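Residue-level listing of the chains:
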Amino acid sequence: MTSVLGIETSCDETAAALVRGGREVRSNVVFSQEDLHRRFGGVVPELASRQHVLGIMPAVHRALAEAGASWDDVGAVAVSRGPGLAGSLLVGVNVAKAVAAGRGLPLVAVNHLEGHVYANWLTAGAAPLFPLLCLVVSGGHTELVLMEDHGKYRLLGRTRDDAAGEAFDKVARILGLGYPGGPAVERAAASIAPGDIPERLQLTRPWLRGGFDFSFSGLKTAVLRLVEGGVSGPVGNPSRLALVAAGRAAEAGSATAADASLQQSETALLAAAFQEAVVDVLAGKTCRAAEALGARQIALAGGVAANGRLREVLSARAPVPVLTPELRFCTDNAAMIAAAGYFRLQAGEIAGWDLDIAPSLRLA
Ligand code: KG4
Ligand code: ZN
């Protein structure tokens, strides 16, 4: 079976991987740029593309070495062409072209979001079953898509404003929890049992009744209001909460250790309240769509699919089995691109040398 070399540089991970037959991961190399971007509180596009230039060939060589493979073992090169940051995508697409041309290999273009979906093929056991309902939740996208076959997607709903991951990132910033936000919010919320979130912090769910679209910017604003306006309740001094929440504990001046731990638990409560609201809406709409469209399985995809509470709630409520990729295949990686590329290759879809990036590419 063909081994595909995957290349992924759409955002801030420089990644290369070798995957056999679309399912067997022979190697998966991810050079994270987290440390580079952390002090800016988010990804700086120009820095990201420069770092991709430095990292991508070392990543490719390491992917081959870790797989114990030579170039003769590689049957095709698959690359993310979009969506993503233009300057970052350019690096991956040009490297993929150069490598494919130099080694006489077919070049396969992959939609990054489709890659996230194919992370669900990188597991042991039976392959996913169609029609497969995919909840794609990443830093830039929130889409509910019915996958009817390989490469066949029907868009059911998408976010009208912030993506789920983007909302996690923004709320993390509001609460002073750092970057990247999703894991930070999940960690902060971990100490709170969902039943312990007080009434005053219950956030109104943006159900947008009737359809499968999402909206998360209101939840983020609600958290901001609670922090800025001061949360009534045991915290006491609201402006001090705002300062501590913004990560400027020192400016809180007279905050005692007891105050600080109260503020911390208030931050944990807010993180949990936000996470519960997002998870409730994501899981609720996905379950309703699975029923309405007769999906045989549900597949979680994208960085937010790493969220333990989302995995737990969706699995508990879903009317059909829920597939969840391994955590390392939820956030950006090249194994998922190689997997998607393998199935594109099977369908005879080989890209031309004029392949261009597509920063705003859609899945369906
Ligand atoms: O798929 P991904 O790695 O990159 C994009 O294609 O956007 O997703 C990154 C997003 C970020 O917004 C990050 O905060 C979020 O996924 N994320 C999480 C978790 N891990 C990553 N969100 C919630 N809980 C997590 N554990
Ligand atoms: Zn992604």
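Nothing here was measured: the structure is a model prediction, and the numbers come from that model.

### A few points about helix H10 (residues 308-317)
Turn by turn, an α-helix covers 3.6 residues, leaving residues three or four places apart pointing in a common direction.
Here is step 1: Of the positions making up H10, those classed as buried are Leu310, Arg311, Val313 and Leu314.
Here is step 2: For H10, the N-terminal capping position is held by asparagine 307, with its side-chain oxygen 3.1 Å away from the main-chain nitrogen of arginine 309.

### Some words on the pattern of salt bridges
Here is step 1: A complete count under the given rule lists 18 salt bridges for this structure.
Here is step 2: Between aspartate 280 and arginine 205 there is a salt bridge; the shortest N-O distance is 3.0 Å. Separated by 75 residues along the polypeptide, aspartate 280 in helix H9 (residues 257-293) and arginine 205 in the loop between helix H6 (181-189) and helix H7 (217-229) bring together distant segments of the chain.
Here is step 3: Here arginine 205 falls in the partly exposed class, since its relative accessible area comes to 21%.
Here is step 4: Its salt-bridge partner being glutamate 312, residue arginine 309 comes within 2.9 Å of it at the nearest N-O pair.

### Notes on the domain arrangement of the protein chain
How big an interface is tends to be stated in terms of the accessible area lost upon association of its parts.
Here is step 1: For the protein chain, the assigned domains are domain 1 (3-123 + 328-346) and domain 2 (132-323).
Here is step 2: Using C-alpha coordinates to define each centre, domain 1 is positioned 28 Å away from domain 2.
Here is step 3: Buried surface at the junction of domain 1 and domain 2, summed over both partners, amounts to about 1600 Å²; 66% is from carbon and sulfur atoms.
Here is step 4: Our count for the domain 1 to domain 2 interface comes out at zero salt bridges.
Here is step 5: Remark: the boundary between domain 1 and domain 2 carries seven residue pairs in polar contact (both at pLDDT 80 or more).

### Details of the packing of aromatic side chains
Here is step 1: Tallied over the full model, the rule gives seven aromatic pairs.
Here is step 2: Centroid distance phenylalanine 168 to phenylalanine 274: 5.1 Å. Interplanar angle 80°. Geometry classified as edge-to-face. Taken together, the residues span a long stretch of sequence, with phenylalanine 168 in helix H5 (residues 164-174) and phenylalanine 274 in helix H9 at a distance of 106 residues. The two residues phenylalanine 168 and phenylalanine 274 agree in class, both being buried.
Here is step 3: Joined through ring pairs, the aromatic side chains of Tyr118, Trp121, Phe130, Tyr342 and Phe343 make up one cluster.
Here is step 4: The aromatic ring of phenylalanine 214 is capped on one face by lysine 285, whose charged end is 5.9 Å from the ring centroid.

### Concerning the site of ligand 1
Here is step 1: Of all residues adjacent to ligand 1, which total 18 residues, the nearest are His116, Gly139, Asp169, Gly182 and Glu186.
Here is step 2: Within the contact set of ligand 1, an oxygen atom lies 2.8 Å away from a backbone nitrogen or oxygen of glycine 139.
Here is step 3: Look at ligand 1: alone it shows 550 Å² of surface, and the protein chains cover 88% of it.
Here is step 4: Within the residue set of the shell around ligand 1, elements represented by two or more residues are helix H4 (112-118), H5 and H6.
Here is step 5: Counting contributing residues per domain, the shell around ligand 1 is built from domain 1 (3-123 + 328-346) and domain 2 (132-323), each supplying no fewer than three.

### What about the sheet that holds strand E1 (residues 3-8)?
Here is step 1: Strand order across the open sheet formed by five strands is E3-E2-E1-E4-E5, with mixed pairing between neighbours. If you trace the sheet from one side to the other, it starts and ends with strand E3 (24-32) and strand E5 (107-111), each paired once. Across the sheet, the mean angle from the axis of one strand to that of its neighbour is 20°, orientation sign disregarded.
Here is step 2: In this sheet, E5 lies alongside strand E4 (residues 74-82) in parallel orientation, the contact comprising five bridges.

### With respect to the pairing of E1
Here is step 1: Counting buried positions along E1 yields six of six residues, so the element is predominantly enclosed.
Here is step 2: Direction of pairing for E1 relative to strand E2 (residues 13-20): antiparallel, over a ladder of six bridges. By the bridge assignment, glutamate 8 is partnered in E2 with alanine 15.
Here is step 3: Where E1 hands over to E2, the hairpin turn is made up of four residues, counted between the paired strands.
Here is step 4: Sheet topology note: the E1/E4 ladder contains five bridges and is parallel. Residue pairing in the sheet places isoleucine 7 in a bridge with valine 79 of E4.

### Here we look at H6
Here is step 1: Gly181, Gly182, Ala184, Val185, Ala188 and Ala189 are the residues of H6 that are buried. Summarising the axial view, the buried residues of H6 lie within an arc of 165°, below the 170-degree limit, and thus occupy one face.

### Some words on the nonpolar core
Here is step 1: Counting residues in hydrophobic clusters, the biggest one holds 55 residues, and the most contacted among them are Leu133, Phe274 and Leu282.
Here is step 2: For this core, the secondary structure elements donating two or more residues are strand E6 (132-137), strand E7 (142-149), H5, H6, H7, H9, strand E9 (297-301) and H10.
Here is step 3: Per-element accounting of this core gives the leading share, 16 residues, to H9.
Here is step 4: In this structure, Val4, Ala119, Val136 and Tyr342 belong to the second largest nonpolar core, which totals 35 residues.

### So, the packing of H5 against H7
When two helices pack together, their arrangement is given by the angle between the helix axes and the distance between those axes.
Here is step 1: For the pair H5 and H7, the least separation of the axes is 9 Å and the interaxial angle reads 5°. Taken together, the axis directions place H5 and H7 in an arrangement best described as roughly parallel. In this structure, H5 uses Lys170, Val171 and Ile174 to contact H7, whose residues at the interface are Lys220, Val223, Leu224 and Val227.
Here is step 2: Of the residues assigned to the contact of H5 with H7, the class counts are five nonpolar, no polar and two charged.

### What to know about the pairing of E2
Here is step 1: Burial of E2 is extensive: seven of the eight residues sit out of reach of the surface.
Here is step 2: Inspection of the sheet shows E2 paired to E3 by eight bridges, in the antiparallel sense. Each residue of the ladder has a partner; that of alanine 15, found in E3, is valine 30.
Here is step 3: Hairpin connection, E2 to E3: the antiparallel pair is bridged by three residues, and glycine 21 has positive phi, about 60°.

Calculation criteria
Residues numbered from 1 in each chain as written. Chains lettered and ligands numbered in written order. Predicted model: local features only at pLDDT ≥ 70, side-chain atom pairs only at ≥ 80, totals over all residues. Heavy atoms only, no water. Buried < 20%, exposed > 50% of the residue type's maximum accessible area, 1.4 Å probe, protein only. Helix = DSSP H or I, 4+ residues; strand = E, 2+ residues; numbered from the N terminus. Polar contact = N/O pair within 3.5 Å; in protein donor to acceptor, adjacent residues only side chain to side chain. Salt bridge = Lys/Arg side-chain N within 4 Å of Asp/Glu carboxyl O. Domains from an automatic or database assignment. Buried area = accessible area lost by both parts, 1.4 Å probe. Phe/Tyr/Trp six-rings, centres within 6.5 Å; stacked < 30°, edge-to-face > 60°. Lys NZ or Arg CZ within 6 Å of the ring centre and 35° of its normal. Near = heavy atom within 4 Å. Areas by Shrake-Rupley, 256 points an atom, 1.4 Å probe, with all protein chains shown as cover. Pairing = 2+ DSSP bridges. Axes fitted to C-alpha atoms, helices over the stretch in contact; angles between N-to-C directions. Arc of directions from axis to C-beta. Core = buried A, V, L, I, M, F, W, Y, C linked by side-chain atoms within 4.5 Å. Parallel < 35°, antiparallel > 145°, perpendicular 65-115°, else oblique. Contact = heavy atoms within 4.5 Å. Nonpolar A, V, L, I, M, F, W, Y, C, P; charged D, E, K, R; others polar.

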